[in-house]
Amino acid sequence: QVQLVESGGGLVQAGGSLRLSCAASRSTTSFYVMGWYRQGPGNERELVATLPRGGRTNYADSVKGRFTISRDDAKNTVYLQMSSLKPGDTAVYYCNAVYREYRIYWGQGTQVTVSS
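Just so you know, these numbers come straight off a predicted model, no measurement behind them.

Caption draft 1: Focus on the side chain of Thr-77. Mapped onto the elements, Thr-77 comes out in strand β8 (residues 77-82). Separated by 2.8 Å, the side chain of Thr-77 and the backbone oxygen of Lys-75 make a polar contact. Setting aside its immediate chain neighbours within four residues, Thr-77 contacts Ser-21, Cys-22, Ala-23, Thr-28, Ser-70, Arg-71 and Asp-72.

As structure tokens, this is what we get:
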């Protein structure tokens, strides 16, 4: 069983920054892919950024140049550094991991609200 626990969400003004953290119950090196998704009000869940094991990062066009995904294997934690935040970034952000046998796991989500 894999557990993912997000933290770091909150209320921030437009143009501000936040860093989200996702602590995994297993070594981050054991996952095929780790990533962040978000679901805004009235919207479907969408990809924000992914970090494949040994691969290149991938970002949604809407966050390129503003968000950065990274991983600290010593802490079993994945981060999402968000800068130049916009009201359109308001959403619940979810951590995602693909484990053995391509099992997919989700965190409980953390709310990010960007005020104008």
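Caption draft 2: Geometry of the state of the cysteines. For the coordinates displayed, the defined rule picks out one disulfide. Between the sulfur atoms of Cys-22 and its disulfide mate Cys-95 the distance is 2.1 Å. Because the sign of the S-S torsion sets the handedness, a value of about -80° for the bond joining Cys-22 and Cys-95 places this disulfide among the left-handed ones. Taken together, the residues Cys-22 in strand β3 (residues 18-24) and Cys-95 in strand β9 (residues 91-98) connect sequence positions 73 residues apart. Both residues of the pair, Cys-22 and Cys-95, count as buried.

Calculation notes
- Residue numbers here run from 1 along each chain, matching the order of that chain's written sequence.
- Selection of residues for local features in this predicted model requires a pLDDT of at least 70, selection of side-chain atom pairs for listing and counting requires 80 or more, and totals for whole chains, interfaces and linings are taken over all residues.
- By convention in this description, side-chain values take in all heavy atoms of the structure and omit both hydrogens and water.
- Helix and strand definitions here come from DSSP, where helices need a minimum of 4 consecutive H or I residues and strands a minimum of 2 consecutive E residues; each element is numbered from the N-terminal end.
- Side-chain atoms alone can form a polar contact between residues adjacent in sequence; in general such a contact is a pair of N or O atoms within 3.5 Å, and within protein one must be able to donate a hydrogen while the other accepts it.
- Residues are treated as being in contact if the distance between any of their heavy atoms lies within 4.5 Å.
- Any pair of cysteine sulfurs within 2.5 Å is marked as a disulfide.
- Only protein chains enter the calculation, and the probe is 1.4 Å; a residue is then buried if its accessible area is under 20% of its type maximum, exposed if over 50%, and partly exposed in between.

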